[in-house]
2 protein chains.
Amino acid sequence: MTRFAAATALRRVDDAQYAVELHPGWSIGGKPNGGYLLAVLAKAGCETVEAEHPLAVSAHYLRAPEIGPATVVTEPVRRGRRVSTVRATLWQSDRACIETLISAGSLSGGDGDALWNDSPPPQLPHPDNCAAGQPPGFHVDLLDQLDLRLDPATSPFPTPNGTPRLQGWLRFEDDGRLDPLALLVAVDAAPPTVFHLKRYGWAPTVELTALLRGIPEPGWLRFAVRTTRAAGGWFDEDATVWDSADRVVAQARQLALVGRRP
Amino acid sequence: MTRFAAATALRRVDDAQYAVELHPGWSIGGKPNGGYLLAVLAKAGCETVEAEHPLAVSAHYLRAPEIGPATVVTEPVRRGRRVSTVRATLWQSDRACIETLISAGSLSGGDGDALWNDSPPPQLPHPDNCAAGQPPGFHVDLLDQLDLRLDPATSPFPTPNGTPRLQGWLRFEDDGRLDPLALLVAVDAAPPTVFHLKRYGWAPTVELTALLRGIPEPGWLRFAVRTTRAAGGWFDEDATVWDSADRVVAQARQLALVGRRP
């Protein structure tokens, strides 16, 4: 069993409830990572409606849960031949922490049937010539679980460059046959783009919607994250993930609050 | 009262229920437009949690409602100082048609506080030199309510160009003081991008998430819609809307099913 499978393992309590142990390894600054939580919720949702993969996952973050035991409560909304929809809520200590709506079905592999694909992966230096995702002077536990390498031209460490964009490589332990659920971690694993604007505070996500677009081919993933607008205390982050066959396998956009000035 | 205000008027039944009359004018092919329905749901959600504006609206479409009476059932999830979250579901004839999660708060106007803004509006011919959005030989009722002009270089009418991108101008009746809710219509008012790939069938949206980013300045809106990937029967549409001050005021992405071949 991979570490990702272990960290997202669910114990079915009943038709509508799953117990989960939020794992300290998939956290940042002591808080479980938002993408990891998304994977836990999507897994419970897919089990509830007996669907193979999440297709679209919309999450509204209410409060950050702690590491440790939590419960996912699910409620099927519609079962369809091609798409089923389910609500899933993460509860901890009698408080709802994350609300999600999930549309689930079956992703396809390969790309023989593509009508259109206009998003080539970013040009990146070889992974050996990229920078570790770990910021200096601060240990991100999440980055012990996955191998994240930042294109040095876009790394905010040690010096932010004023442009809120990041790109790089990403690999999980089981990259030979990656669980598509792990793509939900991939869309939210990079440092906040606003680090480049010297906003280093915690940047809480308010809403994140991820679309999974295909079963990834084995090997390194590539990602690019960019912010279109940061104003009035809010910023967006748009993340795209490509597999080793240059295919877009995940897209996500989030709305988050800009961290306080240091 | 503007036509948009009339078409989205809610009658409060109780704390958690609003009656609405889905208006024939805001439809395409006899079905209420997805963006119009989003505006109705977001309005009910904001009223429920006493918030001024929707900030992020995630909608999962279960089945297309008909023109006529419908009910929005809301449920507050969290009330916060800066953001409140609420569920809203559109019901018709005892069937749930659309499930949403809405994070709501207050949008700001102007742009004095922008940290970053890297998305300039598209260069477009003057509105007088743009094409009407109405397709030939088919009347879109929605386009009687708003003035949509397509950049001729990106119009799929009369001849698709093979590139699933559209851009143009958009104006509502009350463009002097546009209700920010109308931006939810703006993100889903253009013809499907896949018309350019000769997929003219009905392209049902499965999931659409819209972020509202600011109160629009008076005047024409501009929009750009593009598809990153169409494969396996699915496509995404990413829409950006700018106000007359060149500011991004709405962003949306949807996952939809490709219409059948004609």
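In what follows, the structure referred to is the one given above.
Parameters at a glance
For every chain, the first residue of the written sequence is number 1, and numbering continues from 1 onward in sequence order. Lettering of chains starts at A and numbering of ligands starts at 1, both following the order in which they are written. Note on the predicted model: pLDDT of at least 70 is required for a residue's local features to be given, and 80 or more for side-chain atom pairs to be given and counted; whole-chain, interface and lining totals, by contrast, use all residues. Side-chain measures were taken over the full set of non-hydrogen atoms in the model, leaving aside hydrogen atoms and water. Think of it this way: any DSSP run of H or I at least four residues long counts as a helix, any run of E at least two long counts as a strand, and we number them from the N terminus. Within these notes, the globule rule equals 2.2 Å times the number of residues to the 0.38 power, and the radius of gyration is based on C-alpha atoms. Each residue's exposure class comes from its accessible area (1.4 Å probe, protein chains only) as a fraction of the maximum for that residue type: buried when under 20%, exposed when over 50%, partly exposed otherwise. The contact criterion used throughout is that any non-hydrogen atoms of two residues lie within 4.5 Å. As a working definition, buried area equals the accessible area (1.4 Å probe) given up by two parts on being put together, with both sides summed. The salt bridge criterion pairs a side-chain nitrogen of Lys or Arg with a carboxyl oxygen of Asp or Glu, the two atoms within 4 Å. Polar contacts, as used here, are pairs of N or O atoms within 3.5 Å; protein pairs need one atom able to donate a hydrogen and one able to accept it. Residues neighboring in sequence count only if both atoms are side-chain atoms. In this scheme, a helix's expected span is set at 1.5 Å multiplied by one less than its residue total. For our purposes a nonpolar core is just a set of buried Ala, Val, Leu, Ile, Met, Phe, Trp, Tyr and Cys residues, chained together by side-chain atoms within 4.5 Å. The fit set for superposing copies consists of C-alpha atoms from residues with pLDDT of at least 70 in both; the fit itself is least squares.

We now examine the overall build of chain A. Broken down by element type, chain A carries three helices and 17 strands. Relative to the globule expectation of 18 Å for 262 residues, the C-alpha radius of gyration of chain A, 18 Å, shows essentially globular dimensions. Counting only C-alpha atoms and orienting by the principal axes, one finds that chain A spans roughly 50 × 45 × 35 Å. In chain A, which comprises 262 residues, the proportion classed as buried is 61%. Counting only contacts in chain A whose residues sit at least 6 apart along the sequence, the fraction spanning at least 24 positions is 68%.

With that settled, consider the interface of chain A and chain B. Each partner contributes residues to the interface: chain A has 61 residues there, and chain B has 61 residues. Together, Trp116(A), Arg229(A) and Arg253(A) form the three largest contributors to the area buried by chain A at its contact with chain B, with a combined 16%. At the boundary of chain A and chain B, one finds 10 salt bridges. Between Glu99(B) and Arg87(A) there is a salt bridge; the shortest N-O distance is 3.0 Å. At the surface where chain A touches chain B, the tally comes to 35 residue pairs in polar contact (both at pLDDT 80 or more). In terms of residues, the side of chain A that touches chain B owes the most to one element, strand β17 (residues 248–257) of chain A, which gives seven residues.

Now for helix α2 (residues 34–48) of chain A. Residue and element names in this part refer to chain A. Between the first and last C-alpha of α2 there are 21 Å, a value that for 15 residues agrees with the 21 Å anticipated at 1.5 Å per step. For α2, a buried count of 13 out of 15 residues is recorded, marking the element as mostly surrounded by other parts of the structure. Between the side-chain oxygen of the N-cap and the backbone nitrogen of Gly-35 there are 3.0 Å, and the N-cap of α2 in question is Asn-33. Downstream of α2 by one or two residues, Glu-50 has phi in the positive range, about 50°.

This part covers the pattern of salt bridges. Enumeration according to the criterion identifies 30 salt bridges over all chains in this entry. The partner of Arg222(A) in a salt bridge is Asp246(A), with the nearest N and O atoms 2.7 Å apart. On the criterion of sequence distance, the pair formed by Arg222(A) in strand β14 (residues 221–226) and Asp246(A) in the loop between β16 (234–242) and β17 is long-range, its members being 24 residues apart. Residue classification places Arg222(A) among the buried positions, given a relative accessible area of 11%. Looking at Asp246(A), the relative accessible area reads 40%, which means it is partly exposed. Where salt bridges share partners, they join Asp238(A), Arg253(A), Asp238(B) and Arg253(B) into one cluster.

Here we come to the nonpolar core. Soluble globular proteins tend to pack their nonpolar side chains together in the buried interior. Ranked by size, the top nonpolar core spans 71 residues in total, and within it Leu90(A), Leu146(A) and Phe172(A) carry the most contacts. Residue contributions to this core peak at nine residues, all from α2(A). The contact partners of Phe172(A), leaving out residues within four places of it in the chain, are Trp26(A), Leu146(A), Leu178(A), Ala182(A), Val185(A), Ala186(A) and Leu221(A). In terms of nonpolar packing, the next biggest core, distinct from the first, is built from 69 residues, Tyr18(B), Val83(B), Leu170(B) and Leu221(B) among them.

Here the focus is the relation of the copies chain A and chain B. Between chain A and chain B, which share one sequence, the superposing operator has a rotation angle of 180° and an axial displacement of 0.0 Å; the RMSD is 0.0 Å. What the superposition gives is, in effect, a two-fold axis relating one chain to the other. Relative to the rotation axis, the C-alpha of Ser58(A) is the closest in chain A, positioned 3.1 Å from it. Same-surface contact between copies: 100% of interface residues of chain A are shared with the interface of chain B.

Right, let's get into unusual backbone geometry. Residue and element names in this part refer to chain A. Along the chain, Phe-157 connects to Pro-158 via a cis peptide bond; the corresponding omega equals -5°. Position of Pro-158 among the secondary structure elements: in the loop between β11 (146–150) and β12 (165–172). For Asp-246, which is not a glycine, the phi torsion comes out positive at approximately 65°.

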